[in-house]
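# Analysis of the macromolecular model
Below are the chains, spelled out letter by letter.
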Amino acid sequence: MMLKGKSTIRLLFAAVILWQIPQYIITARFREPYPALSMPDFSGTLADRNGNIRLRNVKCKVLFQGGGLAWVSPHTLLSQAPDSHRALIMTHMFSPPAATPDQVPLRTLKAQLFPGWILSRIRGQEKGLDPQTKEWLKRRLQVLYPSATPQAITFVWYEDVFNVSQVPPVATQVPIGIREVGFE
Amino acid sequence: MTTKWESVDHFIFEEYKTKASSLGIYRIVFAAYVLTYLPRHLWIPSFPDSFFNPPIGLTIFFTGFPGAPFFYAVNGLAIGAAVCLLFGYRTKIASTSFALLLLIGNCWAYSFGKIDHDITLIFIPLIMQFAGWGNGYSMDAKRHALEGGRQEETTAWPLALMALIVGLAMMTAAVPKAASGWLDPHSHAVRAHMLYNVFVTGRSNWFAEHMFRIKSGIFWKFFDYSAVAIEAAFLLTVVRRQAFRVVAALACFFHLGIALSMEIAFVGNIIAYAAVADWSAFESRAGGMLRVWNRMLGGLSAWCVLGGGGVVAFVYLRFGNPLQFPQAWDPLGVTLCLLSSVVAAVFLMGLLRDWFRVPSRALILFDGFCGLCNGWVDFILGHDRRLLFRFAALQSPAGQEVLNRFGLPPDFIDSFVLVEDGRVYYRSSAFLRALRGLGLPYSLAAVFIVIPRVLRDQVYRVVAAHRLSWFGRRNTCRVPTSEEAGRFI
C-alpha cells in the first residue's frame, strides 16, 4: 500500500486536523470516543474557592452468613482489571441507584443499531443489579473469602474532603449514599 | 522569503527528513518496547457482559465481550507481528497487522468505561511503515539487496504526520485543562490529582507523600501551569523539528515526574516522541552492535522469525510476559521514563552548548534612520567585548548588497538583520542571537528562543511597527564616527 501524490498527502494532513472538530463535539456532547486522537485531560478534580478538594470514594462492607463482617477494598475486589480501570468500573457498576433514572428508549432504531451504547446507559441507571453482576460478585467474594459464605455486600460511597492548607493532607469523610446487594 | 503554502509544503515534505538507518533503529526500539507491553487483554473474559460499557466506537454494535479464545488469538497474533517488526520481516504487513490487532483488543478493554491513552502505539506502526522504517536494519532490506530490487525510498511526511498527531493529541489534554480551571490561581489541580491517585486509585508512594508536605501554593501552581504549557507547546512547535524535539525532551521530564509521583508512566507518548529523535547519534555510538545485528539478520530465515514469534507468543500467553509486573507499580515504565529523561538532558545540554558557542564574526544590518535601531547599535557597540559584530545600515550600498545576496527585498527595513556563519536571521531570532553574542549577563535572555518563533516575531512586529512613533526618527542615515569606522562596512 503506497500513498502517492503530494495532493493526497496534503489532504491526509487536512483530514487529520479537521477530524478534531467532530472529535471535540462528540467528547463534549457524549463522552470520549475510542479510537480517538486524545490524551487524558484530568479536568475534573480541582480545589474550590475555599481550598477544598473533593474526591468521590468507596469502600465495600461484606456481611457473611453467621454474622461475620469484612471490609474489602475496591482494588482487591476488582484486582483482575488494570488498576487504572477500577475507579470507573466501581462508579459505573456500583454507584448508589439514581432516584429518578433517565428514560432509556429500548425499542428504537438507535437501540437496534447501537445496542452497546444503550446498554451502557441502562447499567448506570439500574435500581437493582443485573443478575450476571450479582453472580460475579458472589463468586468473587467466595474466591476472596473461601472459608465463609457471603450474604450481602454494601458499597458505601463517600467524599474525601481535603483542604489545601492542611499539610500533610487529612481527609474528612462526607457520606454520599450506599448500594446494598444481597445474595440469597 | 517563502509563501505560506511553501512553508506548509516544507513542513509536510522536508522538515522531518530522516535516514533509513535511523528509522530502522526506531522500528527496533518500538518493537522491543511493545514486546514488553503485550499481552494486554487477557483479563477481559474474567468479567461478565453486564460490565459492558462501551465508548462511542467500534464496540457499540455489540452487547457484550467476546470469549477468552478471541483475546488469546488477538494477543498471540499481535506478539507474532511485533517479532516480525523487530526483525523487519514483511514490515508493512507486520506494522498494519500489529496496529489493527492492538486496536481491536483495546476497543474491548476500553469497553469497561475507562480509556487508557496509549493511542500513539497504534498510530506509530500505521504511519511509520510509509516512512520506510523497514528499509534499515531489517530482513526486508537484506532481501531487497539480494534480489536486486528497488527499495522504496524514505519519506519525510509520515514523521511530520506523527508529530502533528502528537501535537493535536496533546492539545486535547491542554484545552480542557485550561478551560476547566487549571490556570485559576486557586485550583491546585496537580495536587488534587495526586490526592486522587493516592486515596482513590491506591497508588501511594514515597514521592507523593513527600510532595504533600509542601504547602507553597507557588510550588503547586508551577506544576499546573507547566503541564498546560508543555502540552500546548507540542502543537505550537510542530512545524519546526528542532523546536518540537526540545518540547519532547522537556516532556520527558514531565512524564518522569508523573511516573514517580502518580505511578502513571506514559511510555507510549515517549515512544512517539522518539520518532522525531536523531537516531543517527545512536548509530555512530553503537555501530558495532548494529553491525552484529545486521550479520544476524543475514543468517535468519522467514521460518526462524515466524517460528520465533510463535514461541514468544506461546510463552507470553501460557506463562505471562516476564517483563510485566503483577503489582500496580510499573518498574519498567518508570525506568523507561528515567532513561528518556537522561537522553533528553544530554540532548538539551548539547543544544545549549551549541547555542552558547559564539561565532567568530557576525554582521548586523539596521535601519539607519530609526532611533530605536541606532540606540540598539550603540548598546551593542558598548557591550561587545569580543568585537564580534560589524554593522551596516540597511539603506547603505553594503546593506543592500547583503539583502540581495540572501534573497531579501531591498525595502526590508521592518527588522534588523543578522548574518552569522553564512546564515541570515531577522526579527526576534536576530535580536536574541545578537544578545547571545554579547556574553553574560545579556546572553541569558537568549533562553527566550524556546518560545515559538511565530509568537516571538509577533511581539517584534508590534514594536517594529511603532518604533518610529515611540522612539523617533533621524533626519539622516547614520554615518559612523571615526572610532566606529572600523566596525562599519
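Within any chain, residue numbers begin from 1 and follow the written order of that chain's sequence. As they are written, the chains are lettered A onward and the ligands numbered 1 onward, keeping that order. Reporting in this predicted model follows two pLDDT cut-offs: at least 70 for local features of residues, and 80 or more for side-chain atom pairs to be given and counted; totals over whole chains, interfaces and linings ignore these cut-offs and use all residues.

## Some points on the overall build of chain B
- Within chain B one finds 20 helices and 4 strands.
- Judged by the C-alpha coordinates and their principal axes, chain B covers about 90 × 65 × 40 Å.
- Per-residue burial over chain B gives 44% buried out of 489 residues.
- In chain B, the share of contacts with a sequence separation of at least 24, taken over all contacts with a separation of at least 6, comes to 78%. Runs of E in the DSSP output that reach at least two residues are strands. Runs of H or I that reach at least four are helices, and both are numbered from the N terminus. Burial is judged by counting other C-beta atoms within 10 Å of a residue's own C-beta: 20 or more means buried, 12 or fewer means exposed, and anything between counts as partly exposed, with every C-beta placed from the backbone. Two residues qualify as a contact pair if the distance between their C-beta atoms, derived from the backbone, is within 7 Å.

## Let's talk about the overall build of chain A
- Scanning chain A for helices and strands turns up 7 helices and 4 strands.
- When its helices and strands are written in sequence order, chain A yields α-α-β-β-α-α-α-α-α-β-β.
- In terms of C-alpha radius of gyration, chain A reaches 22 Å, well past the compact-globule figure of 16 Å for 184 residues.
- When the backbone C-alpha atoms are referred to their principal axes, chain A occupies close to 75 × 50 × 35 Å.
- Partitioning the contacts of chain A with sequence separation of at least 6, the portion at a separation of at least 24 is 55%. This radius of gyration counts C-alpha atoms alone. The globule rule is 2.2 Å times how many residues there are, raised to the power 0.38.

## Notes on the sheet that holds strand E4 (residues 423-426) of chain B
Residues and elements named next belong to chain B.
- Taking strand neighbours across the sheet as the criterion, the 4 strands line up as E2-E1-E3-E4 in an open arrangement whose pairing is mixed. Single-partner strands in this sheet number two, and they are strand E2 (389-393) and E4. On average, each strand axis in the sheet is inclined to that of its neighbour by 20°, with strand direction left out of account.
- Angles shown run from 0 to 180 degrees and are taken between the N-to-C directions of axes, each axis being a line fitted to C-alpha atoms and, for helices, limited to the stretch in contact. Taken strand by strand, helix H18 (residues 397-405) contacts strand E1 (362-366), E2 and strand E3 (417-420), and its axis lies near 100° from that of E2. The criterion for strand pairing is that DSSP finds at least two bridges linking the strands in question.

## Digging into the interface of chain A and chain B
- On the side of chain B, 63 residues touch chain A, which itself brings 60 residues to the contact.
- Elements supplying a minimum of two residues to the side of chain A that touches chain B: helix H1 (6-18), helix H2 (20-29), strand E1 (52-64), helix H4 (83-94), helix H6 (115-123), helix H7 (131-144) and strand E3 (150-163) of chain A.
- Looking at the side of chain A that touches chain B, the element that brings in the most residues is H4 of chain A, giving 8 residues.

## Some thoughts on the environment of proline 97 of chain A
All names here are of chain A.
- Residue position: proline 97 is located in the loop between H4 and helix H5 (109-113).
- Taking the C-beta count within 10 Å as the criterion, proline 97 has 16 such neighbours and is therefore assigned partly exposed.
- As for proline 97 and glycine 128, which are separated by 31 residues in sequence, their C-alpha atoms are 7.8 Å apart.
- Here proline 97 is in contact with Glu126, Lys127 and Arg179, once residues within four sequence places are set aside.

## So, helix H14 (residues 287-298) of chain B
- A helix is expected to reach a length of 1.5 Å times the quantity of its residues less one. Relative to the 16 Å expected for 12 residues at 1.5 Å per residue, H14 of chain B spans 17 Å between its end C-alpha atoms, a close match to the ideal helical length.
- Little of H14 of chain B is tucked away, with 0 of its 12 residues classed as buried.

## Overview of the domain arrangement of chain B
- Segmentation of chain B into domains returns domain 1 (18-155 + 286-323), domain 2 (165-284 + 325-347) and domain 3 (358-487).
- The domain limits used here are those given by an automatic or database domain assignment. Computed over C-alpha atoms, the centres of domain 2 of chain B and domain 3 of chain B are 38 Å apart.

## Regarding the sheet that holds E3 of chain A
Residue and element names in this part refer to chain A.
- Sheet architecture is open: 4 strands sit in the order E2-E1-E3-E4, paired in antiparallel fashion. With one partner strand each, in any of the chains shown, strand E2 (69-72) and strand E4 (172-182) form the two edges of the open sheet. Between one strand and the next, the sheet's axes are offset by a mean angle of 25°, whatever the strand orientation.
- Its contacts with the sheet put H7 on E1, E2, E3 and E4, and the angle it makes with E3 is roughly 90°.

## Some details on helix H19 (residues 427-437) of chain B
Residues and elements named next belong to chain B.
- Taken across its 11 residues, H19 has 10 buried, putting it largely inside the fold.
- Among the residues of H19, those classed as buried are Arg427, Ser428, Ala430, Phe431, Leu432, Arg433, Ala434, Leu435, Arg436 and Gly437.
- Backbone geometry just downstream of H19 places glycine 439 in the positive-phi region, at approximately 80°.

## Brief notes about the domain arrangement of chain A
- Considered domain by domain, chain A is made up of domain 1 (9-43) and domain 2 (47-182).
- Relative to domain 2 of chain A, the C-alpha centre of domain 1 of chain A lies at a distance of 30 Å.

## Describing the packing of H19 of chain B against helix H20 (residues 453-471) of chain B
Residues and elements named next belong to chain B.
- It is the contact of H19 with H20, at a shortest axis distance of 7 Å, that shows an interaxial angle of 90°. With respect to each other, H19 and H20 are oriented roughly perpendicular. Contact with H19, carried on its side by Arg427, Ser428, Ser429 and Phe431, involves Arg453, Arg456, Asp457, Val459 and Tyr460 of H20 and no other residues of that element.
- The residue inventory of the contact of H19 with H20, partitioned by class, reads 3 nonpolar, 2 polar and 4 charged. An angle below 35 degrees is treated as roughly parallel, one above 145 as roughly antiparallel, one from 65 to 115 as roughly perpendicular, and anything else as oblique. Throughout this entry, Asp, Glu, Lys and Arg are counted as charged residues, while Ala, Val, Leu, Ile, Met, Phe, Trp, Tyr, Cys and Pro are counted as nonpolar. The remaining residues, Gly among them, count as polar.

## Some words on the environment of threonine 155 of chain B
All names here are of chain B.
- Here threonine 155 is to be found in the loop between helix H6 (139-147) and helix H7 (157-180).
- According to the C-beta neighbour criterion, threonine 155 is partly exposed, with 19 such atoms within 10 Å.
- With residues up to four places along the chain from it excluded, the contact list for threonine 155 reads Phe130, Ala131 and Gly132.

## Examining the pairing of E3 of chain B
- Across the two faces of E3 of chain B the burial is the same, with Val417 and Val419 of chain B and Leu418 and Glu420 of chain B all buried.
- Connecting E3 of chain B to the next strand, E4 of chain B, in antiparallel fashion are 2 residues, including aspartate 421 of chain B with a positive phi near 50°.

## Brief notes about the packing of helix H3 (residues 68-87) of chain B against helix H15 (residues 302-319) of chain B
Residues and elements named next belong to chain B.
- Taken N-terminus to C-terminus, the directions of H3 and H15 make an angle of 135°; their axes are 8 Å apart at the nearest point. Between H3 and H15, the angle falls in the class oblique. For the element pair H3 and H15, the recorded crossing hand is right-handed. On H15, the residues touching Tyr72, Asn75, Gly76, Ile79, Gly80, Val83, Cys84 and Phe87 of H3 are Val305, Gly308, Gly309, Gly310, Val312, Ala313, Tyr316 and Leu317.
- Looking at the contact of H3 with H15 residue by residue, the classes come out as 10 nonpolar, 6 polar and no charged. Left-handed describes a crossing whose near helix is turned anticlockwise from the far helix by less than a right angle; the clockwise case is right-handed.

## Thoughts on the confidence of the model for chain B
- On average, residues of chain B score 89 in pLDDT, and 98% of them are at 70 or above.
- Under the prediction, the complex receives an ipTM of 0.91, its pTM being 0.85. The predictor attaches a confidence to each residue, called pLDDT, with possible values from 0 through 100.

## Thoughts on the nonpolar core
Residue and element names in this part refer to chain B.
- If you look at the biggest cluster of nonpolar residues, it comprises 138 residues, and the most contacted ones within it are Ala82, Ile124, Met162 and Ala163.
- It is H7 that provides the largest number of residues to this core, a total of 15 residues.
- With residues up to four places along the chain from it excluded, the contact list for isoleucine 124 reads Phe30, Met162, Ile271, Ala272 and Ala275.
- In terms of nonpolar packing, the next biggest core, distinct from the first, is built from 27 residues, Leu365, Ala392, Phe431 and Leu432 among them. A set of buried residues drawn from Ala, Val, Leu, Ile, Met, Phe, Trp, Tyr and Cys, joined through C-beta atoms within 7 Å, is what defines a nonpolar core.

## Observations concerning the environment of glutamate 135 of chain A
Residues and elements named next belong to chain A.
- With respect to the helices, strands and loops of the structure, glutamate 135 is situated in helix H7.
- Given 14 C-beta atoms within a 10 Å radius, glutamate 135 is considered partly exposed.
- When the C-alpha positions of glutamate 135 and phenylalanine 114 are compared, they lie 26 Å apart, and in sequence the two are 21 residues distant.

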